[in-house]
Amino acid sequence: MDKENGFLNPNIKTEVDKDVKPYTMKEAIAEAKRCLHCKVPMCKKGCPINNNITEFIACLAMGNLGEARSYLTQKTNLPAVCGRVCPHEKQCQGSCVLARKGKAIHIGKLEEFVADFDAEMGLIRYTIPNKDRGKVAVIGSGPAGLTVAGDLALMGFKVTVFEAEEEPGGVLMYGIPEFRLPKDVVRRETKRIAEHGVTFVTNTKIGVDKTLDDIFAEGYDAIFIGTGTAVSKGLDIPGRKLRGVMKFNYMLRRVTMFRSGELKREELPVQPGEKVLVIGAGNVAMDASRTAMKCGASECTVVYRDVLETITAEPNEYEGAVNDGVKFKWLSTPIEYIGDESGRILKGLKVECEGKEEIIPCDKCIIAIGSKPARLIVSTTKGIKVNEQGYIEIREDPYGMTTLKGVFAGGDVVHRPATVVLAMKEAKEVAEGIAKYVDAVKLIESLS
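Everything numeric in this text was worked out from a predicted model, so none of it was measured.

Student: Help me out: how do you make sense of the overall build of the protein chain in this one?
Tutor: A tally of helices and strands in the protein chain yields 16 helices and 15 strands. Here the C-alpha radius of gyration of the protein chain, 23 Å, is about what a compact globule of 448 residues would show, namely 22 Å. With respect to the principal axes defined by its C-alpha atoms, the protein chain has extents near 75 × 55 × 40 Å. By the burial criterion, 52% of the 448 residues in the protein chain qualify as buried.

What follows is the structure, encoded as structure tokens:
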């Protein structure tokens, strides 16, 4: 069994999409030379974190890889991640003036190239400031948590990141498949942030192993909650407890554990030869369906209540699923999971399709219709207000602070699930809010 080439299904390669093949040095410089260096760079306006796009591309075009990397790190702590998973067609690349002619600069691939080259060659070494400005705890090591941790560390704060899983990375490690984001890339990025002076404490679930009060008692000046939307939404229809019905985050997490050697093949949620259905039509549904095919499913069908034109998945994600052999059943609303004679094991999904009911046979059904925040932290801490949907409410000044003094939040735990770069955008603003708050408190204490 070759985990890196085809995973479990020998007919499907890990690198399915031709566009994911990284640039060579010659290709990257040639692509960078196509940039027009517009006086008003629309690509930069299209980037949520206002990345230094034209600057790093200009440096790359001249072969100045170290300088190109320096421009990138002024705005992002995760360039190798952003280069791979950001929806460039809707943001920087889609805003490029050359996009009108279908010849937009492949900004994401250039960012990926520079970040990977730096990692391989070790171009950048930061001057790390003394950690004497304050002590901050970060809960969760997804995009928001890593961004806050990295930014605050470079501002002179002593930062500790608490992560419930065995490895840091959050959704980057356990919620995005290997074929979209290699886990070695995530490990490399978290290691680089650790080199900023950030301490990672794994296998620690806040709300169980320790509370926010415990953290404050350890001398922290502020706490950031960046736990994202860790709870998958279910589908409240009959048969939901049948064996074989599962949520997407469970599946993707188990697959990541298999690839790292923590699970055996027979412990995977999808076994070779099984028929799989995926309910939903967003990027996560595409990830789940493609992963099922790579696990060796004989067939996988995405079931969606509407038509192709209304799906929320990015076009390239949909195309990747089609290339992997995923099928689609449109205008189909799930109404009941059907069990076998024992009444315990899933054997099909009943749907209503254009006014008629039918049963689609399946061995496994994966629910991928969205996620919501977990309540573990807020339920064990008094004073943190959440809205009706369970999202934490924050203040504008200092930005990101919750209704509990000294506790901040950002990313998907505050807003509905978004992209990696949007979580990073807000996290950078929250980092500034935390710095402002801690500085103010220390100033007041020094005057009293």
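Student: Please clarify how the packing of aromatic side chains should be interpreted in this entry.
Tutor: Any aromatic ring pair is given by two values, namely how distant the centres are and how the planes are angled relative to each other. The final tally for this structure, using the stated rule, is six aromatic pairs. When the ring of Phe 328 is compared with that of Trp 330, the centres are 5.3 Å apart and the planes differ by 10°; the resulting orientation is stacked. Given the relative accessible area of 19%, Phe 328 is considered buried. By the ring-pair criterion, three or more aromatic residues cluster together here, those being Tyr 304, Tyr 318, Phe 328 and Trp 330. Residue placement shows Lys 294 over the ring face of Phe 179; its charged tip is 4.7 Å from the ring centre.

Student: Mind showing me how you'd approach the sheet that holds strand S8 (residues 299-303) here?
Tutor: Sheets are built from strands that pair by backbone hydrogen bonding, the pairs being arranged parallel or antiparallel. One open sheet holds the five strands; their spatial order is S6-S13-S7-S8-S9, and the pairing between them is parallel. The open sheet is flanked by strand S6 (245-247) and strand S9 (327-329), the only strands paired with a single partner. Shown here is a sheet whose adjacent strand axes are inclined to one another by a mean of 25°, direction ignored. Bridge analysis of strand S7 (residues 275-279) against strand S13 (residues 364-367) gives four bridges, and the strand direction is parallel. Paired with Ile 279 across the bridge in S13 is Ile 367. Against the sheet, helix H12 (residues 248-259) makes contact with S6 and S13, and its axis sits at roughly 80° relative to S6, the strand it touches most.

Student: I would appreciate a short explanation of helix H7 (residues 107-121) in the present structure.
Tutor: Each α-helix turn comprises 3.6 residues. Residues three or four places apart therefore point the same way. Here H7 contains 15 residues, and its C-alpha end-to-end distance of 21 Å stays within 8% of the 21 Å for a straight helix at 1.5 Å per residue. In terms of burial, H7 is a largely internal element, 11 of the 15 residues being buried. Taken together, the buried positions of H7 are occupied by Ile 107, Gly 108, Lys 109, Leu 110, Glu 111, Glu 112, Phe 113, Val 114, Ala 115, Asp 116 and Asp 118. Within two residues after H7, Gly 122 carries a phi angle of roughly 65°, on the positive side.

Student: Teacher, can you tell me more about unusual backbone geometry here?
Tutor: Glycine aside, the phi torsion of most residues is negative, and most peptide linkages are trans. Going from Asp 397 to Pro 398, the amide bond is cis rather than trans, its omega being -5°. Locating Pro 398 in the fold gives a position in the loop between helix H15 (376-379) and strand S15 (407-409). Unlike most non-glycine residues, Asn 50 shows phi in positive territory, near 55°. Considering the arrangement of structural elements, one finds Asn 50 in the loop between helix H2 (42-46) and helix H3 (53-61). Although it is not a glycine, Glu 354 sits at a positive phi angle of roughly 55°. Counting through the fold element by element, Glu 354 comes out in the loop between strand S11 (346-353) and strand S12 (356-361). Its relative accessible area of 66% is what places Glu 354 among the exposed residues.

Student: Any chance you could explain the nonpolar core here in plain terms?
Tutor: As a rule of thumb, soluble globular proteins bury nonpolar side chains together. Ranked by internal contacts, the top residues of the largest apolar core, which has 68 residues, are Phe 56, Ile 57, Leu 60, Leu 110, Leu 152, Leu 172 and Ile 434. Top contributing element to this core by residue count: helix H16 (residues 420-447), with 10 residues. Those residues in contact with Leu 152, other than ones at most four positions away along the chain, are Val 136, Phe 157, Val 159, Ala 431, Ile 434 and Ala 435. Judged by nonpolar contacts, the second largest core, of 30 residues, contains Phe 258, Val 278, Ala 285 and Val 302.

Student: Would you take a moment to explain the sheet that holds S11 for this structure?
Tutor: The three strands are arranged S10-S11-S12 in an open sheet whose pairing can be described as antiparallel. The open sheet is flanked by strand S10 (332-339) and S12, the only strands paired with a single partner. In this sheet, adjacent strand axes meet at a mean angle of 25° when their direction is disregarded. Pairing between S11 and S12: six bridges, direction antiparallel. When the bridges of S12 are listed, Glu 352 appears paired with Glu 357.

Student: In this structure, what is going on with the side chain of Lys 183? I would like to understand it.
Tutor: Here Lys 183 is to be found in helix H10 (residues 183-194). Glu 178 is the oppositely charged side chain nearest to the buried, salt-bridge-free Lys 183, at an N-O distance of 5.2 Å. In terms of polar contacts, Lys 183 uses its side chain to reach the backbone carbonyl oxygen of Leu 172, at 2.9 Å. Excluding anything up to four places from it in sequence, Lys 183 contacts Leu 172, Met 173, Ile 176, Pro 177, Glu 178 and Thr 256.

Student: Looking at this structure, I do not really get the pattern of salt bridges. What am I missing?
Tutor: Here the idea is simple: oppositely charged side chains can pair when their charged atoms come close. Evaluated as defined, the whole model comprises 28 salt bridges. Of the charged contacts in the structure, one is a salt bridge between Asp 439 and Arg 133, with a shortest N-O distance of 2.6 Å. Of the two residues, Asp 439 sits in helix H16 while Arg 133 sits in the loop between H7 and strand S1 (134-139), which places them 306 residues apart along the sequence. In this structure Asp 439 comes out as partly exposed when scored by relative accessible area, which is 31%. Residue classification places Arg 133 among the partly exposed residues on the basis of a relative accessible area of 28%. Between Arg 180 and Asp 287 there is a salt bridge whose closest N-O contact spans 2.8 Å. Here Arg 180, found in the loop between helix H9 (171-174) and H10, pairs with Asp 287, found in helix H13 (residues 283-294); they are 107 residues apart in sequence, far enough to count as distant. Taking relative accessible area as the criterion, Asp 287 reaches 2% and is therefore assigned buried. Salt bridges sharing partners connect three or more residues here, namely Arg 180, Asp 287, Arg 290, Lys 294, Glu 317 and Asp 324.

Definitions and cut-offs
Residues numbered from 1 in each chain as written. Predicted model: local features only at pLDDT ≥ 70, side-chain atom pairs only at ≥ 80, totals over all residues. Heavy atoms only, no water. Helix = DSSP H or I, 4+ residues; strand = E, 2+ residues; numbered from the N terminus. Rg over C-alpha atoms; globule rule 2.2 N^0.38 Å. Buried < 20%, exposed > 50% of the residue type's maximum accessible area, 1.4 Å probe, protein only. Phe/Tyr/Trp six-rings, centres within 6.5 Å; stacked < 30°, edge-to-face > 60°. Lys NZ or Arg CZ within 6 Å of the ring centre and 35° of its normal. Pairing = 2+ DSSP bridges. Axes fitted to C-alpha atoms, helices over the stretch in contact; angles between N-to-C directions. Contact = heavy atoms within 4.5 Å. Expected span 1.5 Å × (residues − 1). Core = buried A, V, L, I, M, F, W, Y, C linked by side-chain atoms within 4.5 Å. Lys, Arg positive; Asp, Glu negative; His and termini not counted. Salt bridge = Lys/Arg side-chain N within 4 Å of Asp/Glu carboxyl O. Polar contact = N/O pair within 3.5 Å; in protein donor to acceptor, adjacent residues only side chain to side chain.

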